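A look at the structure
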Amino acid sequence: MKDVLEQKIAQVCNELFGVEVGIELTRPEEQFGDFATNVALQLSKQVGKNPREIGEALAVKLRETLTQEVSDVSVAGPGFINLRLTDMALVTGLKAQPAKGLDGQNVVAEYSDPNPFKALHAGHLYTSVVGDSIANLMEQAGATVHRVNFGGDVGLHVGKTMWAIIQELGSEDIEALLTVDLDSPEERAAWLSQRYVEGNNAYENDEGSKVEIVEYNKRVYQLHTEDDHDAPFAQIYWTCRQWSYDYFQYFYETINIKPFEKYYPESSTSGIGIAKATELIDKGILQDSDGAVVFKGEDYGLHTRVFLTSEGLPTYETKDLGLIIAKYEDFKFDKSVIITGNDIIEYMKVVLKVVEQFAPELSAATKHLTHGLVKLEGGEKMSSRKGNTLGALEIIDSAAKAAKEINNDDQAKQEDITLGAVKYAFLKQRMGGDIIYDPKESVSLEGNSGPYLQYAHARARSILRKGNNVNVVAEDALLEEGERSLVRKIGEYTEVIDKAVNDLMPHHVCTYLYELAQTFNRFYEHNRVIDDPRQTLRLGLVQSYADTLKSGLSLLGIAAPEQM
RNA sequence: GCGCCCGUAGCUCAGUGGAUUAGAGCAUCUGUCUUCGGAACAGAGGGUCGGCGGUUCGAAUCCGUCCGGGCGUACCA
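Source: prediction; values computed, not measured.

**Observations concerning the nonpolar core**
- Leu125, Met138 and Tyr545 are the most contacted members of the largest nonpolar core, which has 116 residues in total.
- Those residues in contact with Met138 that sit more than four places away from it in its chain are Leu102, Val107, Ala109, Ala143, Val145, Val337 and Leu504.

**Remarks on the packing of helix 18 (residues 481-491) against helix 21 (residues 535-555)**
- Contact geometry for helix 18 and helix 21: axes closest at 10 Å, N-to-C directions at 30°. In terms of orientation, helix 18 lies roughly parallel with respect to helix 21. Like other packed secondary-structure pairs, helix 18 and helix 21 cross with a definite hand, here left-handed. Here Glu483, Leu486, Val487 and Ile490 of helix 18 come into contact with helix 21, specifically with Leu537, Arg538, Leu541, Ser544, Tyr545 and Thr548.

**Here we look at the side chain of Glu317**
- By secondary structure assignment, the location of Glu317 is in helix 12 (residues 316-331).
- Among the polar contacts made by the side chain of Glu317, one reaches the side chain of Arg305 at a distance of 2.4 Å.
- When neighbours within four sequence positions are excluded, Glu317 is seen to be in contact with Arg305, Val306, Phe307, Tyr347 and Val351.

**Looking at unusual backbone geometry**
- In the Ramachandran plot, Asp113 falls in the positive-phi region, its phi being about 45° despite a non-glycine side chain.
- Tracing the chain through its elements places Asp113 in the loop between strand 4 (106-110) and helix 5 (122-140).
- Note on Asp113: relative accessible area 19%, which makes it buried.
- Here Lys332, not a glycine, exhibits a phi torsion of approximately 45°, which is positive.
- For Lys332, the location among the structural elements is in the loop between helix 12 and strand 10 (335-341).

**What to know about the protein's contact with RNA strand B**
- In the neighbourhood of RNA strand B, 65 residues make up the surrounding shell, with Phe80, Thr309, Tyr347, Arg459 and Asn527 lying closest.
- Counted by atom, the contact set of RNA strand B within 4 Å of the protein is 59% sugar and phosphate.
- Between RNA strand B and the protein, one listed contact pairs a base oxygen with a side-chain N or O atom of Gln31 at 2.8 Å.
- Separating a phosphate oxygen of RNA strand B from a backbone N or O atom of Tyr316 is a distance of 3.0 Å.
- Looking at the surface near RNA strand B, the elements that each hand over two or more residues are strand 3 (80-85), strand 8 (292-295), strand 9 (305-308), helix 12, helix 13 (345-358), helix 17 (450-467) and helix 20 (507-526).
- Looking at the surface near RNA strand B, the element that brings in the most residues is helix 20, giving 10 residues.
- Residue classes in the surface near RNA strand B are distributed as 26 nonpolar, 21 polar and 18 charged.

**Here's the deal with helix 1 (residues 2-17)**
- Helix length check: helix 1 (16 residues) gives 22 Å between terminal C-alpha atoms against 22 Å at 1.5 Å per residue, within 8%.
- Listing the buried residues of helix 1 in full gives Leu5, Glu6, Ile9, Ala10, Val12, Cys13 and Phe17. Seen from one end, helix 1 has its buried residues packed into an arc of 160°, which puts them on one side. Opposite the packed face of helix 1, turned more than 90 degrees from it, sit the exposed residues Asp3, Gln7 and Glu15.
- Where helix 1 is buried, its residues meet strand 1 (35-37), helix 2 (39-47), helix 3 (51-65), strand 2 (70-76) and strand 3.

**Brief notes about the environment of Arg241**
- Within the secondary structure, Arg241 is located in helix 10 (residues 232-255).
- For Arg241, a relative accessible area of 15% gives the class buried.
- For Arg241 and Phe117, which are 124 residues apart along the polypeptide, the C-alpha to C-alpha distance reads 6.7 Å.
- With residues near it in sequence (within four places) discarded, Arg241 still touches Pro116, Phe117, Asp153, His224, Pro265 and Ser267.

**Some words on the pattern of salt bridges**
- Counted under the stated rule, the structure contains 38 salt bridges.
- Ionic pairing is found between Asp87 and Arg484, a salt bridge with its closest N-O pair at 3.9 Å. Within this pair, whereas Asp87 is found in helix 4 (residues 87-93), its partner Arg484 is found in helix 18, the two being separated by 397 residues in sequence.
- Across the pair Asp132 and Arg147 runs a salt bridge whose closest N-O atoms are separated by 2.7 Å. In this pair, Asp132 sits in helix 5 while Arg147 sits in strand 5 (residues 144-151), placing the two residues 15 residues apart along the sequence.
- Given the relative accessible area of 4%, Arg147 is considered buried.
- A single salt-bridge network, built from bridges that share partners, covers Asp34, Asp87, Arg484, Arg488, Lys489, Glu492 and Glu515.

**As for the sheet that holds strand 9**
- Strand order in the open sheet made by the three strands is 7-8-9, with antiparallel pairing throughout. With partners counted over all chains shown, the strands left at the sheet margins are strand 7 (287-289) and strand 9, one partner each. Averaged over all neighbouring strand pairs, the angle between strand axes comes to 55°, with direction disregarded.

Thresholds applied
- Residues numbered from 1 in each chain as written.
- Chains lettered and ligands numbered in written order.
- Predicted model: local features only at pLDDT ≥ 70, side-chain atom pairs only at ≥ 80, totals over all residues.
- Heavy atoms only, no water.
- Core = buried A, V, L, I, M, F, W, Y, C linked by side-chain atoms within 4.5 Å.
- Buried < 20%, exposed > 50% of the residue type's maximum accessible area, 1.4 Å probe, protein only.
- Contact = heavy atoms within 4.5 Å.
- Axes fitted to C-alpha atoms, helices over the stretch in contact; angles between N-to-C directions.
- Helix = DSSP H or I, 4+ residues; strand = E, 2+ residues; numbered from the N terminus.
- Parallel < 35°, antiparallel > 145°, perpendicular 65-115°, else oblique.
- Left-handed = near helix turned anticlockwise from the far one by under 90°.
- Polar contact = N/O pair within 3.5 Å; in protein donor to acceptor, adjacent residues only side chain to side chain.
- Near = heavy atom within 4 Å.
- Nonpolar A, V, L, I, M, F, W, Y, C, P; charged D, E, K, R; others polar.
- Expected span 1.5 Å × (residues − 1).
- Arc of directions from axis to C-beta.
- Salt bridge = Lys/Arg side-chain N within 4 Å of Asp/Glu carboxyl O.
- Pairing = 2+ DSSP bridges.

Written as structure tokens, this is what we have:
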């Protein structure tokens, strides 16, 4: 509808003033109309008339031209043209579908990226939820999306944890590890995370331990190159890595996001990265510097960064270089989206600049989307030393407690509500800045919250269950005011989704769905549906509304229960 | 120092390809109420859109500058 109107208005401008303009219709406040354009103000200079005059002339012509779609054209303020749609045009809009802007595209979406041997914290929850939704949006727009995950199963943090594990066990004793009393994935993960904290402390505070940890780090790389599964050290490593993976799996199932198609451990990409880095040294793209291999980012306005350390070990940059190559070999993607925290923006620029040197089309197809940190109220940063960190599952647990106070009879529904609250709380904010997470208030059950939307959906379904007939709004329906507002709002859905896909920003969907639910609740409060002379029409509206709300929530990864 | 990001109501945030009176939620106060499910609806108070300057008929939105905060700035990720 919007596109059609934009084209027709552009044509009218051309006929009237002989100029080519692109029309961008906006959604004004409802009192002004359904669509608005400021084209008269834009044309003013070109045409040499005052905008009000141009607006009036356009309005006259538009009234003649758009009789099917538009019932009223008015000129307001300095020259805005406000269009009011006909009821027929509005009702037609109920059937519109979002554009397939990514039709046929092969896309890789990388997000979540947890490291084995460490804990999952609030940030992992956030990035997983937002990544899942962005992948949903692209899928909805017609893309084939491959969800992948990347994590550091090698690197200094693993050295730290391995060191502490062996300290705890007393020696490199795999039997001792297996007799530690740990049953659930959560318990094992917690045990590992405790070891990491110990290893980290030792690394920072004790020179002797630090030397050992560096050595353990090298041994971990070595066991990968030798594909060692037999030595006790190796067995401890593989066992604990699996514990972490089991825990990740458990976590993703708990938060109910779509499964990952492939998990790339760093150990699998570092070899590819090293091979490429070595090749790039020969080409002069990477170079020696103080015993390390670096990329001279300064030449491109970026930082100089190390790719291979003087120990000969690959850094994050090289592993990521390997990852980009591996992803392309695996999926031959048209587009690759990487979702991470914004603290690695500069790193990624350097990595992509290096990729550009040997495969410009690859770096051009890669988009790095970033989000901020999850912080506590007052903007306080979480830190393990202050003891104010939030575990990923702790957030879910505390939200579950809040949900329980309201509804404690059905386990499955309660989970839907809990996850709805948490996911929505994260998703409703524009991606990029830091998120303030208040354990008490942030995961709310009322107001602009997930449960509000879920409840608004359940209410509508309840009405529909009582109505039980085929609920379609007749094309020639004449709408009353409250009905009209609802139809108008539902009609915005496709525009909003298109925008969210274009920007890859799920919060647009949240903002819209909340407005939609508010519009519905207003309608519902003031208009009878069942046992009203307009029952058939209104049931059609309720149906259309409930379906729209449900579709939108599913893009956010939020369930829309039929009853609550 | 340099680079990037951020600063909108008491708190948490929308709005930033300029445009009709800057919007929500929470909190505070007041109404609706024997509900087609009140996790609701109606309303009130609360804002120099960090400051100053510029571009424009028009700036929260664009440009400059200053203040405040965050992140990055070679062998962590």
